[in-house]
Amino acid sequence: MQANYSLWNVLGQYFENSALLPLFVLALIWIINKWNKDRKVAFIAIACGSVLVFNEVAYRFFSAIGEGSTYYRFLWIIPLVLVVAAFLVNYVTVANAGKQYFVLALTLLAIWMFSGQTGAEWLTLPENIYQIEPDVIQVSDLLMKLTDNQATYLIDDRSISNTIRQYNAKVMCTDMELADMDMILQGNDTNALGKDIQNAINNNRSRYIAINKEDTIIYKVMENAGIKLAGETDHYRLYYVHYKQLIPDVEEMQKLSIGESGQTNIEYVPIQGFTKRLEYVYITDFGTTENEEVYKNVLKQIEEMQPDGIIINAELSKNSNWHRKYETLLEEQGIPYYCNDTEFQVISEDEIEICFIDNRRTISKTALNSLENLMKEGKPILLVLSENISESDSSDLVKLISKPNSTVIQVLSAKQDTFQKNLIGEQILQFATPTDSNQLLNLIRIEGLEPDEIIVY
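Here goes a summary of the coordinates provided. (Residues numbered from 1 in each chain as written. Predicted model: local features only at pLDDT ≥ 70, side-chain atom pairs only at ≥ 80, totals over all residues. Heavy atoms only, no water.)

Pairs of aromatic rings are described using the distance from one ring centre to the other and the angle between the two planes. Following the criterion strictly, the structure yields nine aromatic pairs and no others. On the basis of an interplanar angle of 80 degrees and a centroid distance of 5.3 Å, the ring pair of Y59 and Y71 is categorised as edge-to-face. Here Y59 is found in helix α4 (residues 56-64), whereas its partner Y71 is found in the loop between α4 and α5 (80-93), with 12 residues between them in sequence. By relative accessible area, Y59 is classed as buried at 1%. Ring centres 4.8 Å apart and planes at 90 degrees place the aromatic pair Y130 and Y167 in the edge-to-face group. (Phe/Tyr/Trp six-rings, centres within 6.5 Å; stacked < 30°, edge-to-face > 60°. Helix = DSSP H or I, 4+ residues; strand = E, 2+ residues; numbered from the N terminus. Buried < 20%, exposed > 50% of the residue type's maximum accessible area, 1.4 Å probe, protein only.)

Written out as structure tokens, the structure is:
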């Protein structure tokens, strides 16, 4: 069963694509009509007693004690198959030919309407003896290869985990804290900060995460939490959660978020084949609490983090000149800092280029040509823009960075009052951090997408 959030959710999932329910209702009416008065009274008593189990309060109780995802098993006590079988046998053996044909036609109609099959599936042989999707088998086989055939925990959008144990019982699904992970993996909440995704993963405790390759925005935001690409099948990307890295990240973010800087967030920028690890603090402003004491406290916090550099993207902020006013404090840090206050500039690292463009106004052809030439060099580019790009933007900049040969791996930008994550083109993730309120102090960690090690236990 999928994760459940209400009694109606349980009933909807249990009877989804099932022809038994309409046939059961019909059969039950037939049986009750044949019963004598005593049996009808007994049936009413049983129906009333069932209400004590099948109600929202009872479901909430079982959820509270950790059995919400197994509550549907109470539905097994309803004799659906027996009642339908008794009804069909009676009409096959007792009823006249006219009634038999009527019941047969009704049964076939119910199966066609509620089974979820179009009819073509009945005329084709299953692809495997398990009668499950090949993707499920591929994911399971890859998991066994990665874990040396050991038991492990998997989470996905339920397209894999719903049936994987029919093929391999060593692949388990944890029931811990499913709601937040489900919201992300189902695509209902991909506008999530890296630290919040880390918390959701940590609370769930799954070891591997399977994501369909077509769900680009989902796996991109999940990668922001630092999960590693362990392998791929024909249609799925399989990610590994290294808890020895994740748990310290969660603890560090909790520790750093106590103070004047508001929220402290971590965002991974993963690059396939990247061998170094770079850390930059990314800030736009300090929200509504901007004063010298706040600046000093935040800069002290940054000094304790000891990043490779500070990226300041303050041009969209109402107080965009704060970093110019406190240049002395910044210089005292001894940490290189870079401001996105010119049309085009580049920070060159060994394996990556960090490119700054002020896009609040029309970008000149000179700046676009400079970016295009930088892309031709072939190194990954982390692009920093003053203002976020909307999904409907069709500017020359978007056309350039969305080209098939683009080396732009992610965009950092800014947005008034709130943060945003969205795709530019088909593959480039944009993270826009807020200005003027809900301020974020972001630790941007650039490293390889592949795991350094996979721990099997």
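For the coordinates displayed, the defined rule picks out 19 salt bridges. Where E267 meets K421, a salt bridge forms, and the shortest distance between an N and an O atom there is 2.8 Å. Of the two residues, E267 is situated in strand β6 (residues 263-271) and K421 in strand β14 (residues 420-424); the sequence distance between them amounts to 154 residues. As far as burial versus exposure is concerned, E267 and K421 are alike and both buried. Close ionic contact of R360 with D358 constitutes a salt bridge, the shortest N to O distance being 2.7 Å. The structure contains a network of salt bridges with shared partners spanning E315, R324, D341, D358, R360 and R361. (Salt bridge = Lys/Arg side-chain N within 4 Å of Asp/Glu carboxyl O.)

Moving on: the environment of V408. If you trace the backbone, V408 turns up in strand β13 (residues 408-416). A relative accessible area of 6% places V408 in the buried class. Dropping the residues within four chain positions of it, V408 is found in contact with I381, L383, I401 and I428. (Contact = heavy atoms within 4.5 Å.)

Here we take up the sheet that holds β14. One open sheet holds the six strands; their spatial order is β10-β11-β12-β13-β15-β14, and the pairing between them is mixed. Edge positions in the sheet fall to β10 (344-348) and β14, since each of these pairs with one other strand and no more. Strand-to-strand twist of the sheet, defined as the mean angle between neighbouring strand axes without regard to direction, takes the value 20 degrees. The pairing of strand β12 (residues 381-385) with β13 spans four bridges and is parallel. (Pairing = 2+ DSSP bridges. Axes fitted to C-alpha atoms, helices over the stretch in contact; angles between N-to-C directions.)

What follows concerns the sheet that holds strand β3 (residues 208-212). Spatially, the five strands line up as an open sheet ordered β2-β1-β3-β5-β4, and their pairing is mixed. Every interior strand has two partners, whereas the edge strands, β2 (171-172) and β4 (228-232), have only one.

To continue, consider the pairing of β12. Most of β12 sits inside the fold, with five of its five residues counted as buried. The side-chain alternation of β12 yields two buried faces, one formed by I381, L383 and L385 and the other by L382 and V384. Two strands pair when backbone bridges link them, and strand β11 (residues 353-357) and β12 are joined in this way by five bridges, in the parallel orientation. Bridge pairing in β12 places E353 opposite I381. Read as a crossover between parallel neighbours, the route from β11 over helix α16 (residues 365-376) to β12 is right-handed. Each parallel crossover has a hand, and the one from β12 via helix α17 (residues 396-401) to β13 is right-handed. (Right-handed = clockwise from strand over helix to strand, strands pointing away.)

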